[in-house]
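Below, each chain spelled out in residue letters.
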Amino acid sequence: QVQLVESGGGLVQPGGSLRLSCAASGNIFSIYTMGWYRQAPGKQREWVASIASGGNTNYADSVKGRFTISRDNAKNTMYLQMNSLKPEDTAVYYCNTPRVVTATGTYLEVWGQGTLVTVTS
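Residues numbered from 1 in each chain as written. Predicted model: local features only at pLDDT ≥ 70, side-chain atom pairs only at ≥ 80, totals over all residues. Heavy atoms only, no water.

## Structural notes on the packing of aromatic side chains
Part 1 of the argument: One pass over the structure, following the stated rule, counts 2 aromatic pairs.
Part 2 of the argument: The interplanar angle of 85° and the centroid separation of 6.5 Å between the aromatic rings of Tyr94 and Trp111 together place this pair among those described as edge-to-face. Placement of the pair is Tyr94 in strand β10 (residues 91-102) and Trp111 in strand β11 (residues 105-111), with a sequence separation of 17 residues.
Part 3 of the argument: Judged by relative accessible area, Tyr94 falls into the buried class, the value being 14%.
Part 4 of the argument: The exposure class assigned to Trp111 is partly exposed, which follows from its relative accessible area of 33%.
Part 5 of the argument: Three or more aromatic residues link up through ring pairs in this structure, and these residues are Tyr37, Tyr94 and Trp111.
Part 6 of the argument: Stacked on the ring of Tyr79, the Lys or Arg Arg19 has its end atom at 4.0 Å from the ring centre.
Part 7 of the argument: Geometry around Trp111 places Arg45 over its ring, the cationic atom sitting 4.6 Å from the centre. (Phe/Tyr/Trp six-rings, centres within 6.5 Å; stacked < 30°, edge-to-face > 60°. Helix = DSSP H or I, 4+ residues; strand = E, 2+ residues; numbered from the N terminus. Buried < 20%, exposed > 50% of the residue type's maximum accessible area, 1.4 Å probe, protein only. Lys NZ or Arg CZ within 6 Å of the ring centre and 35° of its normal.)

As structure tokens, this is what we get:
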């Protein structure tokens, strides 16, 4: 079985920074694309950023220039550096991978449990 565990959320003032981590575990052979999503109160979950195994990145327009996604393939860990945070960035942030290959099989659409980011003065 494979698990994604997010960490690093918290309370921050507007203009501040946070770094989220997403650690994958479970006898992993390979993880392809990984991504961050977020869900604000009363809104649908939305895509934030994604990174391919080779390092190519994509960002939602709302976070471009402020957020940076990265990954350490050796550690099966993905990061999201969030700078210049705004109140509208307040949400539960989830990590996701559409496909991960492990010693026990291939798993599709794996999600973490989420970590709360609150941006407020």
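Let's pick the thread back up.
## Re the side chain of Arg38
Part 1 of the argument: Along the chain, Arg38 turns up in strand β5 (residues 34-39).
Part 2 of the argument: Here Arg38 falls in the buried class, since its relative accessible area comes to 5%.
Part 3 of the argument: Polar side-chain contacts of Arg38 include one of 2.9 Å to the side chain of Asp89.
Part 4 of the argument: Only 2.9 Å separates the side chain of Arg38 from the side chain of Tyr93, close enough to count as a polar contact.
Part 5 of the argument: Non-local contacts of Arg38, meaning those with residues more than four positions away in its chain, are made with Gln44, Arg45, Glu46, Val48, Ser62, Val63, Phe67, Glu88, Asp89, Ala91, Val92 and Tyr93. (Polar contact = N/O pair within 3.5 Å; in protein donor to acceptor, adjacent residues only side chain to side chain. Contact = heavy atoms within 4.5 Å.)

So, to be careful, I would describe these as geometric facts and stop short of saying anything about function.
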